[in-house]
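Understanding the architecture of this molecule
Each chain, written out:
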Amino acid sequence: MTAAVGKLPVTEDEWLARYILRRDHVRPDGTVKPDPFIPYKRVELSVTRHIDLEEADIWKIGQTVANKRASLLHGRADARVAVFLGQRLRVAAAPLIDDPNHANVLGWPPDKQRQKEIAVEIVKEVHYKEKPAATP
Amino acid sequence: MIREMAASLLISTGTVSSRGVSDAALYVEAMAGEGRRRLQESYSFGMIGKGVFDELCRIFEDCRTPNWDGYGAEAVSDETYRWAYRFLEALPLGTRAPSVGVEADGHLTFEWYRSRSSLLSVSVSPEGVLYYAALLGSSKRSGTEAFFGEMPADIVSIIHRLFPS
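The structure contained in this document is the topic of the report that follows. (Residues numbered from 1 in each chain as written. Chains lettered and ligands numbered in written order. Predicted model: local features only at pLDDT ≥ 70, side-chain atom pairs only at ≥ 80, totals over all residues. Heavy atoms only, no water.)

Re the pattern of salt bridges
Proximity of charged atoms lets side chains of opposite charge pair with each other. Applicable threshold: Any carboxyl oxygen of Asp or Glu within 4 Å of a side-chain nitrogen of Lys or Arg constitutes a salt bridge here. To sort residues, take the accessible area from a 1.4 Å probe on protein chains only and compare it with the maximum for the residue type: under 20% means buried, over 50% means exposed, and anything in between is partly exposed. Segments assigned H or I by DSSP are reported as helices when at least four residues long, segments assigned E as strands when at least two residues long, and all are numbered from the N terminus.
Taken as a whole and assessed by the stated rule, the structure comprises 18 salt bridges over all chains. R64 of chain B serves as the salt-bridge partner of E61 of chain B, at 3.4 Å between the closest nitrogen and oxygen. Overall, E61 of chain B belongs to the partly exposed group, its relative accessible area being 46%. Assessed through its relative accessible area of 39%, R64 of chain B is described here as partly exposed. A salt bridge links D78 of chain B to R64 of chain B, with the nearest nitrogen and oxygen atoms 3.3 Å apart. Here D78 of chain B is found in helix 4 (residues 78–90), whereas its partner R64 of chain B is found in the loop between helix 3 (52–62) and helix 4, with 14 residues between them in sequence. One network of salt bridges, with partners in common, ties together E55, R76, D78 and K129 of chain A.

Some details on the nonpolar core
Here is the rule: Working definition of a nonpolar core: buried Ala, Val, Leu, Ile, Met, Phe, Trp, Tyr and Cys residues. They are joined through side-chain atoms within 4.5 Å.
With 48 residues, the main nonpolar core has F87, F110, W112, L120 and I155 of chain B as its most contacted residues. Core analysis: the second largest hydrophobic core is formed by 25 residues, F37, A79, V81 and A119 of chain A among them.

What about the environment of T11 of chain A?
Residues and elements named next belong to chain A. Note the cut-off: Polar contact criterion, stated in full: a pair of N or O atoms within 3.5 Å, where within protein one must be able to donate a hydrogen and the other to accept it, and residues adjacent in sequence count only if both atoms are side-chain atoms.
Take T11: it is sitting in the segment before strand 1 (15–20). Sequence separation between T11 and I51 is 40 residues; the distance between their C-alpha atoms is 10.0 Å. Within polar-contact distance, the side chain of T11 engages the side chain of D13 at 3.1 Å.

A look at unusual backbone geometry
Within the chain, R88 of chain A stands out as a residue other than glycine whose phi angle is a positive 65°. Note on R88 of chain A: relative accessible area 78%, which makes it exposed.

Remarks on the interface of chain A and chain B
How we decide: Contacts are assigned to residue pairs with any non-hydrogen atoms lying within 4.5 Å of each other. Buried area: the accessible area, evaluated with a 1.4 Å probe, that two parts lose upon being put together, summed over both parts. Classification used: nonpolar for Ala, Val, Leu, Ile, Met, Phe, Trp, Tyr, Cys and Pro, charged for Asp, Glu, Lys and Arg, polar for all others including Gly.
The interface is formed by 30 residues belonging to chain A together with 36 residues belonging to chain B. With both sides pooled, the region where chain A packs onto chain B buries about 2900 Å², and carbon together with sulfur makes up 49% of that total. Counting every contact that joins chain A to chain B gives six salt bridges. Residues K112 of chain A and E103 of chain B are paired through a salt bridge, measuring 2.5 Å at the closest nitrogen-oxygen approach. The interface formed by chain A and chain B holds 22 residue pairs in polar contact (both at pLDDT 80 or more) in total. Every element with two or more residues in the side of chain A that touches chain B is listed here: strand 1, helix 1 (55–69) and helix 3 (112–122) of chain A. The dominant element in the side of chain A that touches chain B, judged by the number of residues it contributes, is helix 3 of chain A, at six residues. For the side of chain A that touches chain B, the per-class residue count stands at ten nonpolar, four polar and 16 charged.

Considerations on the side chain of R22 of chain A
For R22 of chain A, the location among the structural elements is in the loop between strand 1 and strand 2 (45–49). On the basis of relative accessible area, R22 of chain A is assigned to the buried category, the value being 5%. Dropping the residues within four chain positions of it, R22 of chain A is found in contact with H74 of chain A together with R58, I59, D62, C63, W68 and V102 of chain B.

Thoughts on the side chain of T31 of chain A
When you line up the elements, T31 of chain A lands in the loop between strand 1 and strand 2. There is a polar contact of 3.2 Å between the side chain of T31 of chain A and the side chain of Y113 of chain B. With near-sequence residues (within four places) excluded, T31 of chain A lies in contact with H25 and V26 of chain A together with Y113 and R116 of chain B.

Examining the packing of aromatic side chains
Basically, it comes down to this: Stacked, edge-to-face and tilted are the three classes for Phe, Tyr and Trp ring pairs, Trp counted by its six-membered ring, which pair at centre distances within 6.5 Å; planes under 30 degrees apart are stacked, over 60 edge-to-face, the rest tilted.
The final tally for this structure, using the stated rule, is eight aromatic pairs over all chains. When the centroid spacing of 6.4 Å and the interplanar angle of 35° are considered together, the rings of F37 of chain A and F84 of chain A count as tilted. In this pair, F37 of chain A sits in the loop between strand 1 and strand 2 while F84 of chain A sits in helix 2 (residues 81–85), placing the two residues 47 residues apart along the sequence. Here F37 of chain A and F84 of chain A have matching classes, each one buried. Arranged with centres 5.1 Å apart and planes meeting at 15°, the rings of F87 of chain B and F110 of chain B form a pair that is stacked. Here F110 of chain B lies in strand 2 (residues 108–115) and F87 of chain B lies in helix 4, a separation of 23 residues in the sequence.

Remarks on the pairing of strand 3 (residues 75–80) of chain A
Residues and elements named next belong to chain A. Let me state the cut-off plainly: Two strands pair if DSSP finds at least two bridges between them.
Taken across its six residues, strand 3 has five buried, putting it largely inside the fold. Direction of pairing for strand 1 relative to strand 3: antiparallel, over a ladder of six bridges. If you follow I20 over to strand 3, its bridge partner there is G75. Sheet topology places strand 3 next to strand 6 (residues 127–130); four bridges connect them, and they run antiparallel. Residue pairing for strand 6: D78 is matched across the bridge by H127.

Digging into the pairing of strand 5 (residues 139–146) of chain B
Residues in a regular strand project their side chains so that they alternate between the two faces of the sheet. Residue and element names in this part refer to chain B. The pairing of strand 4 (residues 129–136) with strand 5 spans eight bridges and is classified as antiparallel. Looking at strand 5, one finds that L130 is bridged to E145. The loop that links strand 4 with its antiparallel partner strand 5 comprises two residues; one of these, G137, has a positive phi angle of about 70°.

This is the structure:
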């Protein structure tokens, strides 16, 4: 994990993680609801790029996100960049001090109905991974 | 007899929408309200019996402060909770229970899910606006409706299509 990652262009076959901090965002069958893929009112969605990270590093960043909220990290929803591009969104690196792999999914329509239409399509392609018991 | 008729009407339509002013009409309305409350408490017909109201309350309490998701989410407001509560109350009795959720913009959600390509997600805003999107196999439905206490027909028809009784 290096700060240089933030300068690498985002490619469509890269994997992105959206950390899941709420149990009710995961369905009983282990799939993810569209809810965590609705962007904020500023119309961007925070994700973490897998590039240059070991599996343990990806979880470590997720734990940092959860700690900021004093919340539990339940898991992460992984999707390729191509899934977002397929919905006419774009992904831009947006490195943070404690997460050089941070990126934003941009280009969301401001209209909530359209956001929901996109989110239900995205989660069809998302892979959920539950947090391993030994996460630091 | 009148009470049985009112309950039957509630099960089939979800609400009694007529607003009569005669004594008989007011009596029917009062009985319908009482019948509906009782049926809501039953496991078979009502959302109270199925625990959905409890789930809604738990999520609301959990997300009343901003940044509940660690990514800067908006708080769920009292108004959003009230509209979501009324939405549940307005579902036709006997409707399959949705799961409750929350979104980063502070909206509460209800989801009816069969599979990744067969689902309905409804968001409730602080202004009482419903935003919904459904995947129904090869077709899609979506919409935006102002909620005034009566369940939009399109949402009911999507739920019935997902879970035919």
